[in-house]
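Each chain, letter by letter, is given below.
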Amino acid sequence: MLEYCRLYVGQRIDLERILEQLIRFGYQRLPQVADPGDLALRGGILDVFPATFESPLRLELAGSRIASIRSFNPASLDTLDRHSMVVVLPRGLRMRVASRVSLDVETPFEGALDLEDGDLAVHLEHGIGRFLGRTRLATSGGELDALLLEYADGDRLYVSMHQVHLVQKYVGFGSRAPALHTLGGTGWEKAKTRAYLGVWTYAKDLLAVHAKRMALPGYAFSPDHEWQRAFERAFPYRETPDQLTAVAQVKQDMERAQPMDRLLLGDVGYGKTEVALRACFKAVMDHKQVAVLVPTTILAYQHARTFASRMQEFPIQIAMLSRFQSALEQHQTLQALRAGTCDIVIGTHRLLSGDVQFHDLGLLIIDEEQRFGVKDKEQLKHWRTQLDILALSATPIPRTLYLALMGSREMSLIATPPEHRHPIETIVAEDDEESLRRWIRAELAREGQVFVVHHRVRDLHRLAARLRELVPEARVGIGHGQLPEDALERTMVDFLEQRLDVLVTTTIIESGIDIPNVNTLVIT
């Protein structure tokens, strides 16, 4: 399991035990902190520079209780921010921005910030500027190395090495570049205020949801039905220890009279779906309905096949609700959900529409929650106060992971691969036709399938034609994000149904689809 150290204001701590834990995490005790991974203790003040923070933390103790937690500037000791709670993770590999390194070091310290000339950068106090490079700054104490940032109207800001922790590379979420801020202007302060209000509103809503979950009684599921053991014995593989632990934790949550909100982490192919299947079966055996929410139609189709295959020996009604169904089929599914004759429904965001009503919904499974939009998440926020929820993810966003680490959500981790899973063999070779022909034919000989990934959409048709010439017996398809959605879905279904042997595609295949029959991935 992922280790972490959670600290909050008012917490009673054993200081020696905290020190031992941080040192075990790889932190180094020094007279004062300056770099990520440093730790210092003086009387009732504990300073620690977490590996994932931009500035060190100071914890002031009143006896054995934490009186305050704040971020501070290690050079001036000025307070940067105050915190009610922080999570300190084990120290990983991280480039150190060393304010105590001598000035004749040849390695440019802007390299630690991943900045190149012309990049946009953010200064904590002045906002977005453009990085112009490294320069020398004349001061009363001599010349110092500095970063040079350009702001609106050509104004320039010199950032000395001792203040480099205030600068980081700008990371945007759209293709449009932001405008540079004006030095001394109000734009940056207004942007920070808006961000603060947004975070505050989100935190308030989150706290309200969590409080409702704690206050409102949920449904306590019964112990396992006698069919549960038969269902689990039918699993054709041997469970990993992590899978068994996760199943036990989920069942324990479901049997409590409080809504479950658990995050299940695990790589693709590590068995998250089987854990979800057992939770769904348990819910249905207690006469509750289950909704399985997925981000794409292809994933809905794949899950529907998996659920139908695993539960075919039991009287459980499973339906899919997505664009793959006709209007009549969707209408029939909606009626079955209202009447209670449909036990499990698997669908995309269509499940969040206003016309979807359940007879007695008891469990919601969310696959890759981070891929849903803002409106979808607003709807899910209301469901969280009423239902048992199990979220599955291979790549959670930092906010989701942080909520689990701070205790607002329970978390299970599947870190052990399935039995007999072979490690990936990576071969770096020249792009020659004989190798391509050999790899594809080797897969065809064992009735496997092949992904051929290329980074340019415009080259995919030419690449597919080349493969058809090299291996005429192979059925080759093309899939990429610029195809009409219907066409892409048809191609992916054909590949899932093994009507195609080779899929020439882009990195769109990273969308979480698990196709065990694909044993070879060629990147050109």
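Scroll up a little and you will see the structure.
These remarks concern the structure in this document.

## Concerning the packing of helix α3 (residues 226–233) against helix α5 (residues 272–285)
Then, number 1: At a minimum axis distance of 10 Å, the contact between α3 and α5 shows a crossing angle of 155 degrees. Looking at the two axes, α3 sits roughly antiparallel to α5. α5 is crossed by α3, and the crossing has right-handed handedness. Every residue of α5 that contacts α3 at Trp-227, Gln-228, Phe-231 and Glu-232 is listed here: Leu-277, Arg-278, Phe-281, Lys-282 and Met-285.
Then, number 2: Of the residues in the contact of α3 with α5, the class split is five nonpolar, one polar and three charged.

## Considering the sheet that holds strand β16 (residues 318–321)
Then, number 1: Spatially, β16-β17-β15-β18-β19-β14-β20 is the arrangement adopted by the seven strands of the open sheet, whose pairing is parallel. Bordering the open sheet on either side are β16 and β20 (410–414), each of which pairs with just one other strand. Each strand of the sheet is rotated relative to its neighbour by a mean of 20 degrees, with strand direction disregarded.
Then, number 2: In this sheet, strand β18 (residues 361–367) lies alongside strand β15 (residues 289–293) in parallel orientation, the contact comprising five bridges.

## Here's the deal with helix α7 (residues 327–339)
Along an α-helix, residues three or four positions apart point the same way, because every turn accommodates 3.6 residues.
Then, number 1: With 13 residues, α7 should reach 18 Å at 1.5 Å per residue; the first-to-last C-alpha distance of 18 Å fits that figure.
Then, number 2: Taken as a whole, α7 has its buried residues at Gln-330, Thr-333, Leu-334, Ala-336 and Leu-337. Here the buried residues of α7 occupy an arc of 160 degrees about the axis, which is enough to place them on one side. Relative to its buried face, α7 has exposed residues pointing more than 90 degrees away, namely Ala-327 and Leu-328.
Then, number 3: Check the buried side of α7 and you find it contacts β15, β16 and β17 (344–347).

## Things to note about unusual backbone geometry
Then, number 1: The phi angle at Asp-153 is positive, at roughly 65 degrees, despite the residue not being glycine.
Then, number 2: Looking at where Asp-153 falls in the secondary structure, it is placed in the loop between β11 (142–150) and β12 (156–160).
Then, number 3: One non-glycine residue, His-287, adopts positive backbone phi at about 65 degrees.
Then, number 4: Along the chain, the position of His-287 falls in the loop between α5 and β15.

## Section: the pattern of salt bridges
Then, number 1: As enumerated under the stated definition, the model contains 26 salt bridges in all.
Then, number 2: Residue Arg-446 is joined to Glu-443 by a salt bridge in which the shortest nitrogen-to-oxygen separation is 2.4 Å.
Then, number 3: Overall, Glu-443 belongs to the buried group, its relative accessible area being 1%.
Then, number 4: One network of salt bridges, in which partners are shared, links Asp-224, Glu-232, Glu-239, Lys-251, Glu-255, Glu-274, Arg-278, Lys-282 and Arg-310.

## Quick look at helix α4 (residues 241–254)
Then, number 1: With 14 residues, α4 should reach 20 Å at 1.5 Å per residue; the first-to-last C-alpha distance of 20 Å fits that figure.
Then, number 2: Here α4 has its buried residues at Asp-242, Gln-243, Ala-246, Val-247, Val-250, Lys-251, Asp-253 and Met-254. The arc that holds the buried residues of α4, viewed along the axis, is 165 degrees, so those residues lie on one side.
Then, number 3: The inward-facing, buried residues of α4 abut α3, β14 (261–266), α5, β18, β19 (388–393) and β20.

## Description of the environment of Gln-330
Then, number 1: Relative to the helices and strands, Gln-330 is located in helix α7.
Then, number 2: Overall, Gln-330 belongs to the buried group, its relative accessible area being 15%.
Then, number 3: With near-sequence residues (within four places) excluded, Gln-330 lies in contact with Leu-321, Ser-322, Arg-323, Gln-325 and Arg-350.

## Here we look at the packing of aromatic side chains
Then, number 1: Summed over the entire model, instances satisfying the criterion amount to seven aromatic pairs.
Then, number 2: Both rings, one in Phe-231 and one in Phe-281, keep their centres 4.3 Å apart while their planes meet at 10 degrees; by these two values the pair is stacked. Of this pair, Phe-231 sits in helix α3 while Phe-281 sits in helix α5; the two residues are 50 residues apart in sequence, bridging distant segments of the chain.
Then, number 3: By relative accessible area, which is 0% here, Phe-231 ends up buried.
Then, number 4: A relative accessible area of 0% means that Phe-281 is categorised as buried.
Then, number 5: Taken together, a centroid distance of 5.6 Å and an interplanar angle of 70 degrees make the contact between Phe-235 and Tyr-237 edge-to-face.
Then, number 6: The structure contains a cluster of three or more aromatic residues connected by ring pairs, namely Trp-227, Phe-231, Phe-281 and Phe-314.
Then, number 7: Positioned above the aromatic ring of Phe-231 is the side chain of Arg-310, whose terminal nitrogen or guanidinium carbon lies 4.1 Å from the ring centre.

Definitions and cut-offs
Residues numbered from 1 in each chain as written. Predicted model: local features only at pLDDT ≥ 70, side-chain atom pairs only at ≥ 80, totals over all residues. Heavy atoms only, no water. Axes fitted to C-alpha atoms, helices over the stretch in contact; angles between N-to-C directions. Helix = DSSP H or I, 4+ residues; strand = E, 2+ residues; numbered from the N terminus. Parallel < 35°, antiparallel > 145°, perpendicular 65-115°, else oblique. Left-handed = near helix turned anticlockwise from the far one by under 90°. Contact = heavy atoms within 4.5 Å. Nonpolar A, V, L, I, M, F, W, Y, C, P; charged D, E, K, R; others polar. Pairing = 2+ DSSP bridges. Expected span 1.5 Å × (residues − 1). Buried < 20%, exposed > 50% of the residue type's maximum accessible area, 1.4 Å probe, protein only. Arc of directions from axis to C-beta. Salt bridge = Lys/Arg side-chain N within 4 Å of Asp/Glu carboxyl O. Phe/Tyr/Trp six-rings, centres within 6.5 Å; stacked < 30°, edge-to-face > 60°. Lys NZ or Arg CZ within 6 Å of the ring centre and 35° of its normal.

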